[in-house]
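# Per-entry structural report
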Amino acid sequence: MEEMIRFSHVSKQYPGVLANDDVTLSINRGEVFSLVGENGAGKSTLMNLLYGMQPLTLGEITIGDQKIDAQHNPEKAMEMGVSMVHQHFKLVPSFTVAQNILLGHEPKKGLRYDFAAAERMVTELSETYGLHVNPKDVVGELSVGLQQRVEILKALRTGAKVLILDEPTAVLTPQETEELFTVIRGIVREKNMTVILITHRLPEVMRISDRVGVMKRGRLVKVLNAAEASEKEIASLMVGRDVIFDELRTKQPLGPEVLQIENLRAINDRMLPALQDVSLKVHAGEIVGVCGVEGNGQTELAECVMGMRPQTGGTVRLNGKDVSRMSPGEIRARGVSFIPEDRMRTGVDGKASVSDNLLLGKQREPRFSRFGIHMRQKRVKEYAKQQVEKYDIRTSGVDEPVSSLSGGNIQKVVIAREFDFGTPVLVISQPTRGVDIGAIEFIHERIMEKRNEGCAILLISADLDELFRLSDRLVTLYEGKITGEFETETITMEEIGFYMTGAKSQREGEETL
Amino acid sequence: MKEVFNVLLLQNTLRTATPVVLAALGCLLTQHVNITNIGIDGMMLMGAFFAVLGSYLFESWVMGLLFAMALGVVLGLFYYVFVIRFHSDEFIIGVALNIFAGGLTVFLLRTLFKVKGSFSDPRIVSLPTLTIPGIENIPVLGQLLSGNTLLVYVSWILVPVIWWMIYKTPWGFHLRASGEHPEALAACGKSPERMKCTASVLCGVLSCMAGAHLSLGYLTMFTENMSSARGYVAFACVIFGRGNPLFVFLAALLFGFISALGLRLQKYVPSDLTAMAPYLVTVIMMVVVVLWERRRKRRAGMLAC
């Protein structure tokens, strides 16, 4: 096998994070190589170094027999035969397929754009690679799968030898995925090209790849031959099984059903189905954890329950009362608190002070205001100080803007505010994302306290350890559908991985393996 | 009513529409590169003043026009630098430009010409009127198509030319890509910023030409605030015509027609009311656009569900 790309002892240091740590890897001509790993494992970073989006900190990368230099950039990478298709397409929606592929390299007749020649060139290109498109179609009206094909053709126009695809199947339907794989196999076999996939969907990885590189916390843990490896082995390498569980949970009898979600449907910001007939129930005194690879509908689920995203079908009930059409304020008034996944955007007002952020939502309570309009500043301050102490928020003063705090402390401000409403239902999304270990411990304990007090908690997290540690029950969400529901004691992390990646499903007729 | 609906009405329509057409052509270029240029009105006003200034100083309409166009380049660059380079808010810069234009022209009027309100002088040479041989003597058509000022013809030629440039040349594709998806253009090695700069400068030039037509077209004088919000009307026409020069032209003609009609109805209806007509129509046009958009979105939404 001829070597195409070589990483030797490559490291990439971002401020505060070592995104790639001494990675040595060689990728051959004519193979499909997959890089897998959890979010933040460093796989995208590694490819960005190769494609020249970021300079590397240490080590060496060679493409063919050329070493990349310090001034490496995407244009140079393309000259050296490396093209990348990003997760977010760079296509002009109102242009046709041909106009998009030839943007910046238009054939001309005098001053005029020679549309006929452009269409001929694209037809030729599409036939060469066996990627069928209609050059006259308007890109904005194409399906995501076809748009991706246009993007791939654009990358192949310059005669690339290496094609990097970043999460290519994340937005595709299973059928589109199948077509993409046919295309990949075609160009690898017939053109002897190299295709590198960045992905975290294991069943697909096994089907399409020759070799698989597993990354974890910036390091390349292992490279396996796909034919010899099992999905289970890769999953355990990805997750890493060395986290100690100290048992927080104590058995307690379930209370009545409080939150009922029935056949919930919603579409995401790209107008694609995000939730498809999702049904689940949360009892008082219970934590239900939602597992899933990010982008499988978790965000939309939380937003729908909180009334922040319109539903296209189904109902959300609180104690039997339909709240589907209610605004976030009305839902909160009925006893739901919310810890959003993006604390800076929806969790706090960064410019406002710590005390103002702690007060939000309680400002009209008589204890803080006279007649609902005049703030009782002294009491607000006092209250804020109490909360800061109770939730161990490290700040130089309650009048500091909340954005001056560290991520973990901002998260504690959100938690302090939301938990102090004393509501019977909590929707908690990514409670410890980007939070340091000490604060994680603290936040977990507070969540567990709430459960033991009898709150019904819907917990959404990308962190499996967290979900296993806190949840009484787990549901898996894959492509907007619930693929499984388990008592936490009855399932292992490896097993649940199959449900998260769509390899297994409890729904009838959807077993894919 | 025969005095209202006659050839003169159509003639007035064309004349009133011309400055709006010119400014709107400039505005639609910036619209295509995704810059909302609300400052056209100010550009027009300053263009009108500088056209008079140039014409007065050199006793030549050519110099008047050149003065206006040169100013247009400067204003276009100014707009580009502040909005694109410095990322200032385009509305604030536009509004600032409009207010500044009002102040500057009044100030210059008083300091340079020592007059208040308006300035006219025999030294100011107006733009030439062109008669088209052959058509000239045809009834109605001759009255409409012949005997107009230079910039009227320029605007008529520019409508198809700009349409062709936007939709039929690589330049037009780069222009539109820089507005619709700048990263797509940048990814193929072209600079979206350069396209935005070009559009902004062209917009300045065309807006100032519109101003020159106001002050040197049929009158030869400058009056304070003589653009009288035509820049905003031009902007509305661009939105109404969705950036397509042909539709934008039609929208401007509609505006011209209503204005002309308003003037001629003054005999029958109080002039305060007729003066409102063009702006009322502008508001109605905007409502229509919103309703269109809403219906289109609803349809798109239905498809997605």
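Our subject in this report is the structure included herewith. Keep in mind that this is a model prediction, so the values were computed, not measured.

## Focus on the sheet that holds strand E12 (residues 219-225) of chain A
Residue and element names in this part refer to chain A.
- Spatial strand order, E6-E9-E10-E3-E11-E12: six strands in an open sheet with mixed pairing. Only two strands of the sheet have a single neighbouring strand rather than two, namely strand E6 (82-85) and E12. Across the sheet, the mean angle from the axis of one strand to that of its neighbour is 20°, orientation sign disregarded.
- With five bridges connecting them, strand E3 (residues 32-37) and strand E11 (residues 211-216) associate as parallel partners. Its bridge partner being in E11, Val36 is matched across the sheet by Val214.

## Here we look at the nonpolar core
All names here are of chain A.
- Membership of the largest hydrophobic core comes to 119 residues, with the highest contact counts inside it found for Leu163 and Ile184.
- Residues within four places of Leu163 in sequence aside, it is in contact with Ser83, Val85, Ile152, Ala155, Leu156, Ile187, Met193, Thr194, Val195 and Ile196.
- Membership of the second largest hydrophobic core comes to 40 residues, among which are Val348, Leu405, Leu459 and Ile496.

## Considering a nonpolar patch on the surface
Residue and element names in this part refer to chain B.
- On the surface, a nonpolar cluster with roughly 550 Å² of combined accessible area is contributed by Leu273, Met276, Leu280, Ile284, Val288 and Trp292.
- Assignment of secondary structure puts Leu273 in helix H12 (residues 271-304).
- Since its relative accessible area comes to 48%, Leu273 is described here as partly exposed.

## Quick look at helix H14 (residues 407-419) of chain A
- With 13 residues, H14 of chain A ought to run about 18 Å at 1.5 Å a step, and its terminal C-alpha atoms sit 18 Å apart, in line with that.
- Burial runs high along H14 of chain A: 12 of the 13 residues are buried.

## A few points about the interface of chain A and chain B
- Counting residues at the interface gives 20 residues for chain A and 21 residues for chain B.
- Taken together, both faces of the contact between chain A and chain B bury some 1700 Å²; the carbon and sulfur share is 71%.
- If you sort the residues of chain A by the area they bury against chain B, Lys90, Phe95 and Leu103 of chain A come out on top, with a joint share of 27%.
- At the boundary of chain A and chain B, one finds zero salt bridges.
- On the surface where chain A and chain B come into contact, there are five residue pairs in polar contact (both at pLDDT 80 or more).
- Taken together, the residues of the side of chain A that touches chain B sort by class into 10 nonpolar, five polar and five charged.

## Here's the deal with the side chain of Ser324 of chain A
Residues and elements named next belong to chain A.
- You can see Ser324 is positioned in the loop between strand E17 (321-322) and helix H10 (328-333).
- Ser324 sits in the buried class, given a relative accessible area of 10%.
- Side-chain polar atoms of Ser324 contact the backbone nitrogen of Val316, separated by 2.9 Å.
- Only 2.6 Å separates the side chain of Ser324 from the side chain of Asp322, close enough to count as a polar contact.
- Setting aside its immediate chain neighbours within four residues, Ser324 contacts Gln311, Gly314, Thr315 and Val316.

## Some details on helix H5 (residues 144-156) of chain A
Residue and element names in this part refer to chain A.
- In a regular helix each residue adds 1.5 Å, so 13 residues correspond to 18 Å; H5 covers 18 Å between its end C-alpha atoms and thus fits that length.
- Of all 13 residues in H5, 12 are buried, a share of seventy percent or more.
- When we look at burial in H5, the residues that qualify are Val144, Gly145, Gln147, Gln148, Arg149, Val150, Glu151, Ile152, Leu153, Lys154, Ala155 and Leu156.

## So, the packing of aromatic side chains
All names here are of chain B.
- Counted according to the given criterion, the structure contains 18 aromatic pairs over all chains.
- On the basis of an interplanar angle of 45° and a centroid distance of 5.9 Å, the ring pair of Phe49 and Phe113 is categorised as tilted. Here Phe49 is found in helix H2 (residues 40-58), whereas its partner Phe113 is found in helix H4 (residues 90-113), with 64 residues between them in sequence. With respect to class, Phe49 is no different from Phe113; both count as buried.
- Judged by centre distance (3.8 Å) and plane angle (10°), the ring pair of Phe113 and Phe119 falls under stacked. For the pair Phe113 and Phe119, one class covers both residues: buried.
- Three or more aromatic residues joined by ring pairs make a cluster, and in this case those are Phe49, Phe50, Tyr56, Phe113, Phe119 and Phe222.

## A short note on the pattern of salt bridges
Residues and elements named next belong to chain A.
- Scanning the entire structure with this criterion turns up 28 salt bridges over all chains.
- The salt bridge partner of Asp392 is Arg394, with a shortest N-O separation of 2.9 Å.
- It is possible to trace a salt-bridge network through shared partners that takes in Glu286, Arg473 and Glu485.

About the thresholds
- Residues numbered from 1 in each chain as written.
- Chains lettered and ligands numbered in written order.
- Predicted model: local features only at pLDDT ≥ 70, side-chain atom pairs only at ≥ 80, totals over all residues.
- Heavy atoms only, no water.
- Pairing = 2+ DSSP bridges.
- Helix = DSSP H or I, 4+ residues; strand = E, 2+ residues; numbered from the N terminus.
- Axes fitted to C-alpha atoms, helices over the stretch in contact; angles between N-to-C directions.
- Core = buried A, V, L, I, M, F, W, Y, C linked by side-chain atoms within 4.5 Å.
- Buried < 20%, exposed > 50% of the residue type's maximum accessible area, 1.4 Å probe, protein only.
- Contact = heavy atoms within 4.5 Å.
- Patch = residues over 30% accessible without salt bridge, like charges linked within 9 Å, V, L, I, M, F, W, Y side chains within 5 Å.
- Areas by Shrake-Rupley, 256 points an atom, 1.4 Å probe, with all protein chains shown as cover.
- Salt bridge = Lys/Arg side-chain N within 4 Å of Asp/Glu carboxyl O.
- Expected span 1.5 Å × (residues − 1).
- Buried area = accessible area lost by both parts, 1.4 Å probe.
- Polar contact = N/O pair within 3.5 Å; in protein donor to acceptor, adjacent residues only side chain to side chain.
- Nonpolar A, V, L, I, M, F, W, Y, C, P; charged D, E, K, R; others polar.
- Phe/Tyr/Trp six-rings, centres within 6.5 Å; stacked < 30°, edge-to-face > 60°.

These figures come from the coordinates and say nothing about function on their own.
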